[in-house]
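# Structural characterization, general
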Amino acid sequence: MTNNNNFYWNFQKLPFIYTELEGPDNVLDIPNALPFQLKVDENNGVLSQIKNDLVKNNLTTAYNLGSVIAGVIDEESGITGYANDFVNFFKESVIDKDIETLSVLEIGSGTGFLLSQVEKLGAKVIGVEPGAHCIDAKEKYGVNIVQDWFPSQSITSKFDIIIMTHVLEHIPEPSNFLRSLHGYLKDDGQLIISVPDEEPFIKYGDISTLFHEHYSYFTKDTINYCLKNGEFEVTNERFGKYGGVLLRSAIKNKTHVSKEEIINGNNIAANYKNKAILYNSKLKYFLIDIKNKNKTLGVYVPARFINILYISQVSDVKIRFFDDNPTVKNKYYPGFDIPMENKQDLIDNPVDVVLIFSKAFGSMIKDNLEGSIKASTEIITWEELFDVV
């Protein structure tokens, strides 16, 4: 591999997705697309979105509205598996401690569902969340969540445990943020986190994983580099058993990232860009072939396909969007006048080709569809599209 210490990748613009919409345009004058550039953080080797004031200002508006593109974790969304797996990892990571004596702070609490599950273990909990979807947490789950950005003047104590799920990737300077958490942890305190596992997307050149909300794109190696740079020592780690995440537990310890680790981060990014050029071309010709053969295409988990559709600039393809999350039925993504449908809609009105654009749930969705839709419909998963073995 070739070392590239000046990695830079400019997409010009990508769709600005922060939630599913009632119509095909973002609200409150939020643009449908915004600038997007990538670099490698020279301090931790993490593939990172370059900060941009226009993006920052619109992200602030989106978070205050209650951005939910990562998916709200509660019973209604049907994705409680993330929370269950995290709680199991939490228990694995504090196995030598009495949970009933622990104080726990959750940063980025969402609806409060995960925090309520940790409280059921016996811990004393509090959360902080800027989004409006936390307002009913006390009534719904019986947990105390401060509606505010972190750090918050309402959070002044030191805690035994700080937990974060799908938060660190949203922070513009994650290592600096991690160092700031030292002041909120007791001397023997622990940090327990989960972040999206971007390695499969990076390995195969899939740009569907790029969102303005995410400043960092972690692999199994670079999340550890980032924690090191934030003066944390990893004490427990594993892949998530649900939904493609990386789980880490860490304690405060002054460590450093080596030159070799920074070089590795740059090589990871350079290979990603090279693969993406190849596969973006492949996907463009896939869409052109669908168009030329006058076929209809149904895309499952379309949020992951929006970037491809945007940069391909292939017009007049007969595309429909499908997702079985009931909360997104008849919703839209910015810049695309294509309402979301569900499995029953697909059964009632089939398409020629179904593309399941989800690495984590592709096989499960395919198994669920086979036998329900007409046999002549071709079903293609993310793995099949990218020739993943």
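As a reminder, the structure under discussion sits directly above these lines.
Now for a look at the structure at hand. Keep in mind that what you see is a predicted model, and the values were worked out from it rather than measured.

### Quick look at the overall build of the protein
Summing up its helical and strand segments, the protein has 12 helices and 16 strands in all. Here the C-alpha coordinates of the protein stretch approximately 65 × 50 × 40 Å along the principal axes. When the 389 residues of the protein are sorted by exposure, 56% land in the buried category. Across the protein, contacts joining residues at least 24 apart in sequence account for 68% of those joining residues at least 6 apart. Accessible surface computed for the protein: about 17,100 Å², of which carbon and sulfur atoms make up 48%. Of the side-chain charges in the protein, 38 are positive and 52 negative, and the distance between the mean point of each set is 4 Å.

### Concerning the nonpolar core
With 47 residues, the main nonpolar core has Leu38, Leu210, Phe286, Leu297, Ile319, Phe321 and Phe357 as its most contacted residues. The element best represented in this core is helix 8 (residues 259-292), accounting for 8 residues. Sequence-distant contacts of Leu297, defined by excluding residues within four places in its chain, comprise Phe286, Leu287, Ile290, Lys318, Ile319, Arg320, Val351, Val353 and Leu355. With 37 residues, the next largest nonpolar core counts Phe113, Ala123, Leu369 and Ile373 among its residues.

### As for the sheet that holds strand 5 (residues 124-129)
For sheets, the rule is that strands pair by backbone hydrogen bonds, running either parallel or antiparallel. Within the open sheet, the 7 strands sit side by side as 6-5-4-7-8-11-10. Their pairing is mixed. Taken across any chain shown, the strands that pair with only one partner, and hence form the sheet edges, are strand 6 (145-147) and strand 10 (232-239). Averaged over neighbouring strand pairs, the angle between their axes works out to 20° when direction is ignored. By the bridge criterion, 3 bridges tie strand 4 (residues 103-107) to strand 7 (residues 159-165) in an arrangement that is parallel. Residue Glu106 lies in a different strand from strand 7, and its bridge partner there is Ile163.

### Some points on the sheet that holds strand 9 (residues 216-217)
Here we have 4 strands laid out as an open sheet, ordered 1-2-3-9, and antiparallel in their pairing. At either end of the open sheet lies a strand with only one pairing partner, and these are strand 1 (8-15) and strand 9. One ladder, built from 2 bridges, connects strand 3 (residues 47-49) with strand 9; its direction is antiparallel. Residue pairing across strands places Ser48 opposite Ser216, the latter belonging to strand 9. Across the sheet, helix 8 touches strand 1, strand 2 (33-40) and strand 3, and the angle it forms with strand 1 is around 55°.

### Some words on helix 8
Compared with an ideal rise of 1.5 Å per residue, which puts 34 residues at 50 Å, helix 8 spans 50 Å between its outermost C-alpha atoms and is within 8% of the ideal. Just downstream of helix 8 lies Asn294, where phi reads positive at about 55°.

### Things to note about the pairing of strand 15 (residues 353-356)
Residues of strand 15 alternate between two faces, with Val353 and Leu355 on one and Val354 and Ile356 on the opposite face, all of them buried. Sheet topology places strand 15 next to strand 16 (residues 378-381); 4 bridges connect them, and they run parallel. By the bridge assignment, Leu355 is partnered in strand 16 with Ile380. On the question of chirality, the crossover connecting strand 15 to the parallel strand 16 by way of helix 11 (residues 362-369) is right-handed.

### Considerations on the pattern of salt bridges
Taken as a whole and assessed by the stated rule, the structure comprises 12 salt bridges. A salt bridge links Arg238 to Asp85; its shortest N-O distance comes to 3.0 Å. With a gap of 153 residues between them, Arg238 in strand 10 and Asp85 in helix 2 (residues 81-93) connect regions that are remote in the sequence. With respect to burial, Arg238 and Asp85 carry one shared label: buried. The closest approach of N and O atoms between Asp289 and Lys293, which form a salt bridge, is 3.3 Å. Judged by relative accessible area, which is 49%, Lys293 ranks as partly exposed. Through salt bridges with shared partners, a single network forms among Asp85, Glu92 and Arg238.

Rules and cut-offs
Residues numbered from 1 in each chain as written. Predicted model: local features only at pLDDT ≥ 70, side-chain atom pairs only at ≥ 80, totals over all residues. Heavy atoms only, no water. Helix = DSSP H or I, 4+ residues; strand = E, 2+ residues; numbered from the N terminus. Buried < 20%, exposed > 50% of the residue type's maximum accessible area, 1.4 Å probe, protein only. Contact = heavy atoms within 4.5 Å. Areas by Shrake-Rupley, 256 points an atom, 1.4 Å probe, with all protein chains shown as cover. Lys, Arg positive; Asp, Glu negative; His and termini not counted. Charge placed at Lys NZ, Arg CZ, Asp CG, Glu CD. Core = buried A, V, L, I, M, F, W, Y, C linked by side-chain atoms within 4.5 Å. Pairing = 2+ DSSP bridges. Axes fitted to C-alpha atoms, helices over the stretch in contact; angles between N-to-C directions. Expected span 1.5 Å × (residues − 1). Right-handed = clockwise from strand over helix to strand, strands pointing away. Salt bridge = Lys/Arg side-chain N within 4 Å of Asp/Glu carboxyl O.

Honestly, that's just the spatial picture; any functional story needs more than this.
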